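Working through the structure, step by step
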Amino acid sequence: MTAAPHPLLAAAQTLARDLLAPNAERVDRESVPASHIEALRRSGLLGVGAPREYGGAGAPDPVVREVQEILAGACCSTWFVQTQHHSPVRMLAASQSPARERLLRPLATGELLAGIAFAHVRSFPRVPVRARTERDGWRFDGRVPWYTGWGLNDVMLLAGVTDSDEVVFAFADAREQPGLRPSPPMRLAALTAARTVSLELDGLWLPGESVVLRTSREAFALVDLPRNTNASPAVFGIAHAALRVVEEAGESETARALRTRLDEVRGRVYALAAHPVPHERIAERLELKTRAYDLMRAATTAAVVAGGGRAMDLDSPAQRLAREGMFLLVQGQTTDVRRAHLDALAQI
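Residues numbered from 1 in each chain as written. Predicted model: local features only at pLDDT ≥ 70, side-chain atom pairs only at ≥ 80, totals over all residues. Heavy atoms only, no water.

Some thoughts on the packing of aromatic side chains
To be explicit about the condition: Pairing of aromatic side chains requires ring centres within 6.5 Å, counting the rings of Phe and Tyr and the six-membered ring of Trp. Pairs whose planes differ by under 30 degrees are stacked, by over 60 edge-to-face, and all others tilted. We count a stretch as a helix when DSSP gives it H or I for four or more residues in a row; a strand needs E for two or more, and each element gets its number in order from the N terminus. For every residue, the accessible area (1.4 Å probe, protein chains only) is compared with the maximum for its type, and the residue is labelled buried under 20%, exposed over 50%, or partly exposed between those bounds.
Counted according to the given criterion, the structure contains seven aromatic pairs. Each ring, one from F118 and one from F169, has its centre 5.5 Å from the other, and the planes form 75°; the classification is edge-to-face. With F118 in the loop between strand 1 (114–117) and strand 2 (129–134) and F169 in strand 5 (residues 166–173), the pair connects residues that are 51 residues apart, well separated along the chain. Taking the relative accessible area as the measure of exposure, F169 reaches 0% and is therefore buried.

Right, dumping it as structure tokens:
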């Protein structure tokens, strides 16, 4: 836990206890409701790391990470929708683009909810979405394979790659429009409730002032590296939630043994996340990420085993946490992360 309690930690814990966790199984079977997003907005959690001068909380990174743990452990589908919002906020805060003054305040206060459509850039040299200049703006063509929060998000941060391998990030309205068509909602083994679709782009035109960043693909890859090699706070949130289920089943010794190991890895992961050079010590980051995965998998498996046949009921949190943990194994996965994880599994 963080050394100095922050008001938003109490807000996250209250929201998790009173709203998210009690409804998690129902949401998992249905869909993240707009009322959950409204509750997040009222709590201030959508602006947890956003600049104070734009209406955000300006919380330090340890608080931001702990908030994400709490939300993921309570309802991973809701966590996944809202976690998309924070990358556009951070990018706008670091930008001097016209989009900053237009969008940063409504995003920081939660008046608007943002989604992201740029994970496909990591698949280079494949280029699923191509960006080209056209009429004092930008034209986007291709297919965004995964877009989460459709029907909940107001805007999206879209990226495409130019013929010269420059990555262009621009904001678009998150709605069907000329040049943008969503697929039907995907049915997934976990987090179907997060409203994920694919997006077909056929000449989507965005004005120049919608662009928030233009950067080389190499520069983007360097900045993106720690996002993929550091273990997500959600991994620890799911694992701790599973260990609470194990304890409630009367298996306190198992829960205690796993929690001790989990907290040791968590401390090391977060120490590296705070390292002043985020793209250093990559091998160590990947090793810790795979260990965190192992412990999350052990915790969710323990929850299922402790529950016995009851854990297979769709009203049981054990089966939901096991499936959510499976989702986190591949969320944001890159070739390097996959290779490190498979190599670690081969040593078991």
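A closer look at a nonpolar patch on the surface
Note the following rule: Patch criteria: residues need more than 30% relative accessible area and no salt bridge. Like-charged residues are merged within 9 Å; nonpolar side chains of Val, Leu, Ile, Met, Phe, Trp and Tyr are merged within 5 Å. To measure how exposed things are, a 1.4 Å probe is used in the Shrake-Rupley method; for residues, cover is taken only from the protein chains shown. What counts as a salt bridge is simple: a side-chain nitrogen of Lys or Arg found within 4 Å of a carboxyl oxygen of Asp or Glu.
Residues L342, L345 and I348 make up a contiguous nonpolar surface patch of about 290 Å² in total accessible area. Positionally, I348 belongs in the segment after helix 12 (335–346). Judged by relative accessible area, which is 74%, I348 ranks as exposed.

Quick word on helix 6 (residues 98–108)
Note the following rule: The contact criterion used throughout is that any non-hydrogen atoms of two residues lie within 4.5 Å.
For helix 6, the set of buried residues is A99, R100, L103, L104, P106, L107 and A108. Along its buried surface, helix 6 packs onto helix 5 (76–93), strand 1, strand 4 (155–161) and strand 5. A positive backbone phi angle near 85° is found at G110, which sits one or two residues after helix 6.

A few points about helix 3 (residues 34–43)
For clarity, the cut-off: Arc definition: directions from the helix axis to the C-beta atoms.
Every buried residue belonging to helix 3 is among H36, I37, A39 and L40, and all of these are buried. Down the axis of helix 3, the smallest arc covering the buried residues is 155°, so these residues share one side. Opposite the buried face of helix 3, at more than 90 degrees from it, the exposed residues are A34 and R42. Elements in contact with the buried residues of helix 3: helix 1 (7–20), helix 2 (24–29), helix 4 (61–74) and helix 5. Backbone geometry just downstream of helix 3 places G44 in the positive-phi region, at approximately 85°.

Distances and angles like these do not, on their own, reveal function.
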